[in-house]
Protein chains: 2
Amino acid sequence: MTVIFSKKCELGLQAVLYLSAFPKNTLFSALEISEKINAPKEFVSKILQTLTTSGIIGSKKGNSGGFFLKIDPGSVRLIDVVSAIDGLDLFRNCVLGFPGCSVDEPCPVHETWGKLRNETYTMLSNQTLAELRDITVNKINSLKK
Amino acid sequence: MTVIFSKKCELGLQAVLYLSAFPKNTLFSALEISEKINAPKEFVSKILQTLTTSGIIGSKKGNSGGFFLKIDPGSVRLIDVVSAIDGLDLFRNCVLGFPGCSVDEPCPVHETWGKLRNETYTMLSNQTLAELRDITVNKINSLKK
DNA sequence: TCTTAATCAGACAAAAAACTCTGAAACAAA
DNA sequence: TTTGTTTCAGAGTTTTTTGTCTGATTAAGA
């Protein structure tokens, strides 16, 4: 089995999207977020720390502390989160794992996958959290149970 | 770091492509194949066994035995190898890991990724090993060192 | 000031994926 | 019939990823 993004990255994306559904600087504890995206609190906590280090979200310690979206939702793209957690190797390496895959020595899917890969990158780069907000809010609300 | 296919799947694809570069029923030992695709012999051996079980390649025991492409190259597609090793969950599950991702409750990239995912599936399904043969032979030869 | 609730750092544990080893069975060729 | 080379099954090991625990630090509110 395989996926595009690691578990960490999926949860990081979900967490950031969750934060983007609320007014800027609204604080949420790791516990609240973890319950909402249905993942272990400690694990989510670690991921949020990583994203704090990379500057996408901010944190506040102490009683009634938590995490918040630090950068304006109009300036954050999904690719920024992916880049912070998984890196961008996915968009560089040969999808079949061949070494030296290039225009001169292409793998059997070099051209077709290259095109799709670029479109995937574009998909994650073109829209900001602000632009995705409506659909995000809708999805977040559907997670309530 | 993430990739589309697991290491097993990448090597399985490479091995099958390697076999498809030669006339049907040509035998290669696991050692020969592993050296060509630059991977551990024992690991490649295991992967080839999996593909043998799924019927894509055949095997012959004993002295001067080895593995060979069992199905006609005109009837094998890359998706068949992917399906045999990694399965097809990649083409079913939400790329952001959200539960219940659907038209009614779409994730923020449901539509765009859905389209790209279908195109990726098509890419792996449309062409057979036979149709990819020229570019495969070229790539295989470039691996010689 | 004390209690409580939060982040955070680092070590730790468990599970999954990647990779190795051993020994048995098959079989070609000497 | 013996020797050498191979697949193959299953167990074992290593590494990576996922997930947990502990304790220190921070800070709001009673």
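Now for a quick tour of the structure. (Residues numbered from 1 in each chain as written. Chains lettered and ligands numbered in written order. Predicted model: local features only at pLDDT ≥ 70, side-chain atom pairs only at ≥ 80, totals over all residues. Heavy atoms only, no water.)

### A look at the overall build of chain A
Reasoning step 1: The secondary structure content of chain A amounts to six helices and two strands.
Reasoning step 2: Counting from the amino terminus, chain A carries its helices and strands in the arrangement α-α-α-β-β-α-α-α.
Reasoning step 3: With the C-alpha coordinates of chain A rotated into their principal frame, the extents come out at 60 × 30 × 30 Å.
Reasoning step 4: When each of the 145 residues of chain A is scored for burial, the buried share is 50%.
Reasoning step 5: Here the contacts in chain A between residues at least 6 apart in sequence split such that 64% fall between residues at least 24 apart.
Reasoning step 6: Accessible surface for chain A amounts to roughly 7100 Å². Of this, 51% is attributable to carbon and sulfur atoms.
Reasoning step 7: Across chain A, 17 positive and 14 negative side-chain charges occur, with their mean positions spaced 10 Å apart. (Helix = DSSP H or I, 4+ residues; strand = E, 2+ residues; numbered from the N terminus. Buried < 20%, exposed > 50% of the residue type's maximum accessible area, 1.4 Å probe, protein only. Contact = heavy atoms within 4.5 Å. Areas by Shrake-Rupley, 256 points an atom, 1.4 Å probe, with all protein chains shown as cover. Lys, Arg positive; Asp, Glu negative; His and termini not counted. Charge placed at Lys NZ, Arg CZ, Asp CG, Glu CD.)

### Describing the protein's contact with DNA strand C
Reasoning step 1: The environment of DNA strand C is formed by 24 residues, the closest being Ala30(A), Ser59(A), Phe67(A), Pro40(B) and Phe43(B).
Reasoning step 2: At 3.1 Å from a base nitrogen of DNA strand C is found a side-chain nitrogen or oxygen belonging to Lys46(A).
Reasoning step 3: Elements with a minimum of two residues in the surface near DNA strand C: α3 (41-53), β1 (57-60) and β2 (66-69) of chain A together with α3 (41-53) of chain B. (Near = heavy atom within 4 Å. Polar contact = N/O pair within 3.5 Å; in protein donor to acceptor, adjacent residues only side chain to side chain.)

### As for the side chain of Ser34(B)
Residue and element names in this part refer to chain B.
Reasoning step 1: In this fold, serine 34 is placed in helix α2 (residues 30-36).
Reasoning step 2: Judged by relative accessible area, which is 3%, serine 34 ranks as buried.
Reasoning step 3: Within the structure, serine 34 has its side chain in polar contact with the backbone oxygen of leucine 31 (distance 2.8 Å).
Reasoning step 4: When near neighbours in sequence (up to four residues on either side) are disregarded, serine 34 contacts Ala39, Pro40, Lys41 and Val44.

### Things to note about the side chain of Ser125(B)
Residues and elements named next belong to chain B.
Reasoning step 1: Here serine 125 is to be found in helix α5 (residues 110-126).
Reasoning step 2: Under the relative-accessibility criterion, serine 125 is labelled buried at 11%.
Reasoning step 3: Apart from residues no more than four positions distant in its own chain, serine 125 is found in contact with Arg77 and Ile79.

### Remarks on the environment of Asn118(B)
Reasoning step 1: Within the secondary structure layout, Asn118(B) lies in helix α5.
Reasoning step 2: Separated by 73 residues in sequence, Asn118(B) and Ser45(B) have C-alpha atoms that sit 32 Å apart.

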